[in-house]
Amino acid sequence: MNTIVRKQMSIHPDVMDLLNNQIAMEMKASASYLAMASWCDQRELLNSKALFYKQAEEEREHAMKIFEFINDNGGAAISPNVTNVNNDFESLISIYETALEQEISVTQSIFKIFKAARKADDYITEVFLQWFITEQAEEEDTFRSILDIFGLMEGMPLKMIDERIPTE
Amino acid sequence: MNTEIHTNTSYQIEHLTFCKYVLRTPSKTISLSFPQMLELRRKINELTSYSSLNRIIDNENFVLLFVADKQHLIFLEIPQLLQLKEEIALIFHTPDTILV
Ligand SMILES: [Fe+2]
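Residues numbered from 1 in each chain as written. Chains lettered and ligands numbered in written order. Predicted model: local features only at pLDDT ≥ 70, side-chain atom pairs only at ≥ 80, totals over all residues. Heavy atoms only, no water.

**Some remarks on the overall build of chain A**
Okay, so step 1: Helix and strand content of chain A: five helices and zero strands.
Okay, so step 2: Seen in sequence order, chain A has helices and strands lined up from the N terminus as α-α-α-α-α.
Okay, so step 3: Classification of the 168 residues of chain A by burial places 47% in the buried group.
Okay, so step 4: Nonlocal contacts in chain A, meaning residues at least 24 apart in sequence, comprise 76% of its contacts between residues at least 6 apart.
Okay, so step 5: Accessible surface computed for chain A: about 8,700 Å², of which carbon and sulfur atoms make up 50%.
Okay, so step 6: Within chain A, the 29 negative side-chain charges are centred at a point lying 5 Å from the centre of the 15 positive side-chain charges. (Helix = DSSP H or I, 4+ residues; strand = E, 2+ residues; numbered from the N terminus. Buried < 20%, exposed > 50% of the residue type's maximum accessible area, 1.4 Å probe, protein only. Contact = heavy atoms within 4.5 Å. Areas by Shrake-Rupley, 256 points an atom, 1.4 Å probe, with all protein chains shown as cover. Lys, Arg positive; Asp, Glu negative; His and termini not counted. Charge placed at Lys NZ, Arg CZ, Asp CG, Glu CD.)

Okay, here's the thing in structure tokens:
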């Protein structure tokens, strides 16, 4: 990377734009988990509720990690708009299905930035994103395992399924 | 080619020193710090997206834009908006974008 702005910024400007989009995506994910937490909270699904409140906080931490990374590297982090948060769900299983889909699209998005960083010789971002890739693999695994529980306990009362959901 | 008209409506950005940039508009010269440049880049990129350009053309056909931490207000019609986008791209230009 050899540009006029190189002395100001150690990350690639186009990669920075993608990272800013990622901040928005993480904040949206956080808001979305909060909606899921509320749905579970109102229905006394205690383990699910705890899991989604925790997810909501984690997503915000992810956003903040990227936010600070951009500013620390001379860029401009943008506080995003979060709109169109869905608060309407039909069932607990559909919530977990949505959660898994959401995590998969976050993973894809991280891959896209990783690729762009590599293509732009932006190694600083590339290394930074490695943590996120590991994290995404764990997130996907969490929700996949929970969906397995639903499969194994098919036909059981919701409350019993909820009790099998790991809280840690 | 009428160069006089060209200079009259042109917008240019120059990199002066390590952290100082200057934006020359037909009516004034505005100095910009790097964070102010980044903010200008963000706004211009947003305004020149396909949907945003269409919206501008369908409505008033110009934009008023605050620059340099809202110290200045600049008036841009579509050609100037696009010109400014190119100027900014030049400042932020990286070699691999042309090589690839
Ligand atoms: Fe995340």
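After presenting the structure, the write-up continues.
**What about the coordination of the iron ion?**
Residue and element names in this part refer to chain A.
Okay, so step 1: The protein atoms donating to the iron ion are Glu26 (OE), Glu59 (OE) and His62 (ND1), with metal-donor distances spanning 2.1 to 2.2 Å.
Okay, so step 2: Within one chain, the residues serving as donors to the iron ion are arranged as E-x32-E-x2-H. Remark: histidine 62 occurs in helix α2 (residues 46-72) and glutamate 26 occurs in helix α1 (residues 13-42); sequence separation between them is 36 residues. A single burial state applies to glutamate 26 and to histidine 62, both of which are buried. (Donors = N, O, S within 2.8 Å, 3.2 Å for Na, K, Ca; no water.)

**Points about the UniProt feature "domain: Ferritin-like diiron" (unreviewed entry) in chain A**
Okay, so step 1: Cross-referencing UniProt, the feature "domain: Ferritin-like diiron" (unreviewed entry) maps to residues 9-154 of chain A in the present numbering.
Okay, so step 2: Helix makes up 79% of residues 9-154 of chain A and strand 0%, with an end-to-end C-alpha separation of 53 Å. (UniProt positions renumbered as here; feature names shortened; annotations may be inferred.)

**Observations regarding the packing of aromatic side chains**
Residue and element names in this part refer to chain A.
Okay, so step 1: A complete count under the given rule lists twelve aromatic pairs over all chains for this structure.
Okay, so step 2: Seen in terms of ring centroids, tyrosine 33 and phenylalanine 52 are 5.8 Å apart; in terms of plane orientation they differ by 25 degrees. Their pairing is stacked. Taken as a pair, tyrosine 33 in helix α1 and phenylalanine 52 in helix α2 lie far apart in primary sequence, 19 residues in all. In this pair, the class of tyrosine 33 matches that of phenylalanine 52, namely buried.
Okay, so step 3: Taking the centre distance of 3.8 Å and the plane angle of 5 degrees together, the rings of phenylalanine 69 and phenylalanine 128 count as stacked. Of this pair, phenylalanine 69 sits in helix α2 while phenylalanine 128 sits in helix α4 (residues 123-152), and the two are 59 residues apart along the sequence. Note on accessibility: phenylalanine 69 and phenylalanine 128 belong to one class, buried. (Phe/Tyr/Trp six-rings, centres within 6.5 Å; stacked < 30°, edge-to-face > 60°.)

**A few points about the confidence of the model for chain B**
Okay, so step 1: Of all residues in chain B, 84% have pLDDT values of 70 or greater, and the mean over the chain is 87.
Okay, so step 2: Below a pLDDT of 50 lies the segment residues 1-7 of chain B, which in the model reaches zero contacts outside its immediate sequence neighbourhood of four places, other chains included. (pLDDT = per-residue confidence, 0-100.)

**Brief notes about the UniProt feature "binding site: Fe cation" (unreviewed entry) in chain A**
All names here are of chain A.
Okay, so step 1: Mapped onto this numbering, the UniProt entry annotates "binding site: Fe cation" (unreviewed entry) at Glu26, Glu59, His62, Glu103 and Gln136. Maximum C-alpha separation among the annotated residues is 12.6 Å over a sequence range of 111 residues, consistent with a single clustered spot.
Okay, so step 2: The class of glutamate 26 is buried, set by a relative accessible area of 0%.
Okay, so step 3: Not counting residues up to four positions away in its chain, the partners in contact with glutamate 26 are Glu59, His62, Ala63, Ile66, Val106, Ile110 and Phe132.
Okay, so step 4: Overall, glutamate 59 belongs to the buried group, its relative accessible area being 0%.
Okay, so step 5: Residues within four places of glutamate 59 in sequence aside, it is in contact with Glu26, Ala29, Ser30, Tyr33, Glu103 and Glu139.

**Concerning the environment of Arg6(A)**
All names here are of chain A.
Okay, so step 1: Relative to the helices and strands, arginine 6 resides in the segment before α1.
Okay, so step 2: In this structure, the C-alpha to C-alpha distance between arginine 6 and glutamate 97, residues 91 residues apart in sequence, is 43 Å.
Okay, so step 3: Of the polar contacts made by the side chain of arginine 6, one reaches the backbone oxygen of methionine 9; its length is 3.1 Å. (Polar contact = N/O pair within 3.5 Å; in protein donor to acceptor, adjacent residues only side chain to side chain.)

**Thoughts on unusual backbone geometry**
Residue and element names in this part refer to chain B.
Okay, so step 1: A positive phi angle, near 55 degrees, is found at alanine 68, a position not held by glycine.
Okay, so step 2: The residue alanine 68 is located in the loop between β4 (62-67) and β5 (72-77) in this model.
Okay, so step 3: Its relative accessible area of 5% is what places alanine 68 among the buried residues.

**Describing the interface of chain B and chain A**
Okay, so step 1: Listed as interface residues are 18 residues of chain B and, on the opposing side, 20 residues of chain A.
Okay, so step 2: Here chain B and chain A share an interface that buries about 1,400 Å² over both sides, 64% of which is from carbon and sulfur atoms.
Okay, so step 3: When the buried area of chain B at its contact with chain A is split by residue, Phe18(B), Phe34(B) and Arg41(B) rank highest and sum to 30% of it.
Okay, so step 4: The tally of links between chain B and chain A comes to two salt bridges.
Okay, so step 5: The set of elements that each furnish at least two residues to the side of chain B that touches chain A consists of α2 (34-47), α4 (78-91) and α5 (95-99) of chain B.
Okay, so step 6: Class assignment of the residues belonging to the side of chain B that touches chain A gives a composition of ten nonpolar, five polar and three charged. (Buried area = accessible area lost by both parts, 1.4 Å probe. Salt bridge = Lys/Arg side-chain N within 4 Å of Asp/Glu carboxyl O. Nonpolar A, V, L, I, M, F, W, Y, C, P; charged D, E, K, R; others polar.)

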